Every structure is written in C-alpha cells, then in structure tokens.
Amino acid sequence: MRDYTGTVESLDEVAPNVRRLLIALDRPLSFNPGQYIQLVMPDGDSRPYSVASTPAAPDRIELHIKRSPGGVCTDGWVFKHLAVGDGVSLSGPYGRFSFRPLRSEPVLLLGSGTGLAPLKSMVQHIAETGGEHSVILYHGVATRTDLYDHELFEAWDAENDWFSYRPALSRDEWNSRTGRVPALLAEDYPRASGHTAYVCGSPAMVNDTLRVLMKARLFPRDIFREDFFDSRDRASGAHIVRSPLIRR
C-alpha cells in the first residue's frame with residue numbers, strides 16, 4: 001500500500017447519481033482486479049472505491065461513484081465541487097476481493113449498482129491477458145436509466161464467445177429481463193457447482209445472492225464477495241453474512 005497524488009482527467013455522469021471519475025496518477029498503481037483504493041477528501045478523511053480499470057493501465061484509474069444523499073464525500077465534494085483538473089490524493093491498493101486467475105472454473109460475476117466497478121475490471125483484465133475463463137456478468141439496477149456501460153458490455157458479448165452479459169432491472173419494464181440479480185440467478189442456476197463466483201453490491205443484494213449460491217450447491221471456498229455500505233445502509237442497521245469462510 002502506498003500514497004498517491006493525481007489529477008482529475010474526466011468526471012462524467014453515466015447514470016442518475018452515478019459519476020465515472022478518471023484520475024491520472026503521479027506514478028503507477030500496482031493492484032489486482034477487484035481491489036479498491038481510499039480516496040482522500042479535502043478534510044483529510046477518506047472513502048473506499050473499487051478500481052474499475054485494469055492493471056494494464058497503472059498510471060490511470062477509473063472509479064464509479066454513487067451519490068449518497070447527505071454524504072460528506074459525494075454530496076459535499078464529488079457531486080458539488082470536484083472538477084476536471086483538480087488534484088486529488090489516494091492510497092492503495094486494499095482488499096482481498098480480487099480475481100483468482102489460476103482457478104479455471106467458469107466465472108459468475110454478480111453485481112448491483114456501482115458494484116459493477118470491480119467486476120468490469122475483472123472482465124477487461126481477462127480479455128487483455130487472453131484468459132481462457134468462461135464469464136457471465138449479471139448487473140442489476142432499478143431502472144433503465146440506472147444501467148450504465150450497457151452498450152460496452154453488449155459489444156463485448158457480441159465479440160467474445162467466452163463472455164455473456166445479463167443486465168436486469170428490478171423496478172422497470174423493458175425488452176430484456178426484469179427482477180433482482182438473486183432471483184434471476186436462481187432461475188438460471190438451480191445448481192451452480194463447478195463455478196467460481198464474485199459478488200459485489202449493496203448489503204442486501206450480496207446477502208441474498210450468497211444464499212442463492214449456497215442453495216445451488218456452490219460452497220464458500222468458491223465464493224468471493226465485497227459489500228458496499230452507504231450512509232442509508234448504516235442508518236438502517238444493514239448487515240450481511242459474516243461467515244469467516246466467505247472471502248472478501
């Protein structure tokens with residue numbers, strides 16, 4: 001883990017209340033796909049964000065930041081004051097939630113909201129390194145306007161036999177699948193043994209997805225997870241499974 005400084009290269013709103021932040025770093029950041037950094041706020045406090053880019057471009061990182069109403073970092077800084085050209089500080093990498101390239105089983109990537117970030121890093125890393133993994137990516141959001149990077153993943157799906165993209169809306173109707181990721185996963189995989197799963201999203205989504213995977217006979221040694229808490233989650237007392245067997 002090291003400290004870094006960088007410059008905001010771009011800051012784009014990719015969905016309602018979601019911004020993609022690209023930071024050009026002062027020196028290369030060595031990390032594994034799935035890990036996160038701590039972004040330092042002007043007051044010196046920090047917040048964790050998964051890296052959505054890959055180790056192939058270590059001088060530049062991509063973050064997906066969701067606005068949390070009343071959040072000191074998001075409402076008070078990123079969505080209010082942060083601008084292209086600003087200098088930022090961060091540290092990293094952190095976390096044991098990362099892609100295991102030596103595991104040859106088919107891969108299930110299960111994300112909701114900005115939990116897509118580390119999963120995007122994994123998919124792109126597999127493509128860049130010529131990995132032979134079969135990968136299925138589920139991305140769940142509430143409405144069609146919340147679904148970002150949709151065209152990118154559709155293109156990857158069309159271009160690569162090893163990759164399948166399965167977006168899902170939980171509160172909107174469209175010409176594709178509707179429902180939460182855990183429910184759709186249960187439909188597709190009544191038996192999931194023989195896979196490796198990576199899960200990232202809200203505490204409720206992670207919790208429900210873990211239950212579906214275990215019911216489908218995928219055991220803790222084959223499941224890796226990350227969970228994101230925002231201010232509303234903490235206020236509601238949200239929690240997820242804390243089994244020591246589930247790898248973060």
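The coordinates are above.
Residues numbered from 1 in each chain as written. Predicted model: local features only at pLDDT ≥ 70, side-chain atom pairs only at ≥ 80, totals over all residues. Heavy atoms only, no water.

A.B. asks: Help me get a handle on the environment of Cys 73, residues and values and all.
C.D. replies: Following the sequence through the fold, Cys 73 ends up in the loop between β5 (60-66) and α1 (74-78). Residue classification places Cys 73 among the buried positions, given a relative accessible area of 3%. Residues Cys 73 and Asp 161, spaced 88 residues apart in sequence, show a C-alpha to C-alpha distance of 40 Å. Contacts of Cys 73, omitting those with residues within four sequence positions, involve Met 41, Arg 47, Tyr 49 and Val 78. (Helix = DSSP H or I, 4+ residues; strand = E, 2+ residues; numbered from the N terminus. Buried < 20%, exposed > 50% of the residue type's maximum accessible area, 1.4 Å probe, protein only. Contact = heavy atoms within 4.5 Å.)

A.B. asks: Before we move on, can you summarise the pattern of salt bridges with the specific residues and values?
C.D. replies: Applying the stated rule across the entire model yields 17 salt bridges. A salt bridge links Asp 45 to Arg 47, with the shortest nitrogen-to-oxygen separation between them at 3.1 Å. A relative accessible area of 38% places Asp 45 in the partly exposed class. Two residues, Glu 105 and Arg 103, come together in a salt bridge whose shortest N-O distance is 3.1 Å. On the basis of relative accessibility, which here comes to 23%, the residue Glu 105 falls in the partly exposed class. By relative accessible area, which is 22% here, Arg 103 ends up partly exposed. (Salt bridge = Lys/Arg side-chain N within 4 Å of Asp/Glu carboxyl O.)

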